[in-house]
Amino acid sequence: MKFNRLVLAGALVLAVSSVFVLSGCTDESTRSVLTVVSVNDGSTYYSDLINEADTAKIYIPVDEVKVTLGNVPHDGSAPLAPGEPFSEIVVTGYSVTYSNSIFTPVTGGMNLRVPSGGTAEGTITLSNPSEKVALLSTLTSTATGTANITFTGYVRTSGNFGDYVTATGNLTVQVDNFGDADVGN
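Residues numbered from 1 in each chain as written. Predicted model: local features only at pLDDT ≥ 70, side-chain atom pairs only at ≥ 80, totals over all residues. Heavy atoms only, no water.

## Considerations on the overall build of the chain
Then, number 1: Of the regular secondary structure elements, the chain holds 2 helices and 8 strands.
Then, number 2: N-terminal to C-terminal, the α/β element order of the chain is α-β-β-β-β-β-β-α-β-β.
Then, number 3: Taking all 185 residues of the chain together, the buried fraction comes to 34%.
Then, number 4: When contacts within the chain are restricted to residue pairs at least 6 apart in sequence, those whose partners lie at least 24 apart make up 73%.
Then, number 5: If you sum the accessible surface of the chain, you get close to 10800 Å²; carbon and sulfur atoms cover 56% of it. (Helix = DSSP H or I, 4+ residues; strand = E, 2+ residues; numbered from the N terminus. Buried < 20%, exposed > 50% of the residue type's maximum accessible area, 1.4 Å probe, protein only. Contact = heavy atoms within 4.5 Å. Areas by Shrake-Rupley, 256 points an atom, 1.4 Å probe, with all protein chains shown as cover.)

## Considering the sheet that holds strand S6 (residues 119-125)
Then, number 1: Sheet architecture is open: 3 strands sit in the order S1-S3-S6, paired in antiparallel fashion. In this open sheet, the two strands that pair with only one neighbour each are strand S1 (32-39) and S6. Ignoring which end each strand starts from, the neighbouring axes of this sheet average 35 degrees apart.
Then, number 2: In the sheet, S1 pairs with strand S3 (residues 64-73) via 7 bridges, with the strands oriented antiparallel. Residue Ser 38 lies in a different strand from S3, and its bridge partner there is Thr 68. (Pairing = 2+ DSSP bridges. Axes fitted to C-alpha atoms, helices over the stretch in contact; angles between N-to-C directions.)

## Topic: the pairing of S3
Then, number 1: For S3, the tally of buried residues reaches 7 of 10 residues, placing the bulk of the element in the interior.
Then, number 2: Here 7 bridges tie S3 to S6, and the two strands are oriented antiparallel to one another. In the sheet register, Lys 66 faces S6, and the bridge partner there is Thr 123.

## Observations concerning the nonpolar core
Then, number 1: Val 91, Ile 124, Leu 126, Ile 149, Phe 151 and Leu 171 are the most contacted members of the largest nonpolar core, which totals 32 residues.
Then, number 2: Residue contacts for Ile 149: discarding those within four places in its chain leaves Val 39, Ser 95, Val 96, Ile 124, Leu 126, Ala 167, Thr 168, Gly 169 and Leu 171. (Core = buried A, V, L, I, M, F, W, Y, C linked by side-chain atoms within 4.5 Å.)

## Quick look at the environment of Arg 113
Then, number 1: Along the chain, the position of Arg 113 falls in strand S5 (residues 106-115).
Then, number 2: Considering only alpha carbons, one finds Arg 113 and Val 91, 22 residues apart in sequence, at a separation of 6.3 Å.
Then, number 3: Leave out the neighbours within four places in its chain, and Arg 113 touches Glu 88, Ile 89, Val 90, Ala 120 and Arg 156.
Then, number 4: Side-chain polar atoms of Arg 113 contact the side chain of Glu 88, separated by 2.8 Å. (Polar contact = N/O pair within 3.5 Å; in protein donor to acceptor, adjacent residues only side chain to side chain.)

## Some words on the side chain of Asp 48
Then, number 1: Relative to the helices and strands, Asp 48 is located in strand S2 (residues 45-48).
Then, number 2: At 6.9 Å, Lys 132 is the nearest oppositely charged side chain to Asp 48, a buried residue that forms no salt bridge.
Then, number 3: A distance of 3.1 Å separates a polar atom in the side chain of Asp 48 from the backbone nitrogen of Phe 178. (Lys, Arg positive; Asp, Glu negative; His and termini not counted. Salt bridge = Lys/Arg side-chain N within 4 Å of Asp/Glu carboxyl O.)

## Digging into the environment of Tyr 46
Then, number 1: The topology assignment puts Tyr 46 in strand S2.
Then, number 2: Relative accessible area serves as the criterion here: at 48%, Tyr 46 is assigned to the partly exposed category.
Then, number 3: Residues Tyr 46 and Val 173 lie 127 residues apart in sequence; the distance between their C-alpha atoms is 5.9 Å.
Then, number 4: For Tyr 46, the contacting residues outside a window of four places in its chain are Gln 174 and Phe 178.

Right under this line is the structure:
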């Protein structure tokens, strides 16, 4: 009788501990990992406050950069074939914050599909152009900061939403009224 109680108690402890292990979130909770391959091809971005190259066409440039995102299988296995469940990541949005607060945070939507084992390119906006007008009169020298860019999305599962994924990249940004060469436009 003591032996049966001991076995029963051991089985109960095992069952309770397995519930805790199974309910915990692990790094294997997603089948794919979203990666930032490059932002602006790895180069510093120069945010020009105003373009005055052609006095008849003065304008505030929009700060847009190219991003390349990747989809790596979590366990390092071979990529999944296109169209299979969990074979792609859908990037739905991004947010940009600055280390020196030169610009206010920016959020934007995306609809970028990254195939398993592959990459995809998109474009994001780094700042709000209306903020550049205020900086024209207050900025006295080149400001340098780091843009922290976070991308969010999900692993696609047979047409449905799947596991949430996120990736962060950084970009050095210099802000000033850079000298504009006459480009003949």
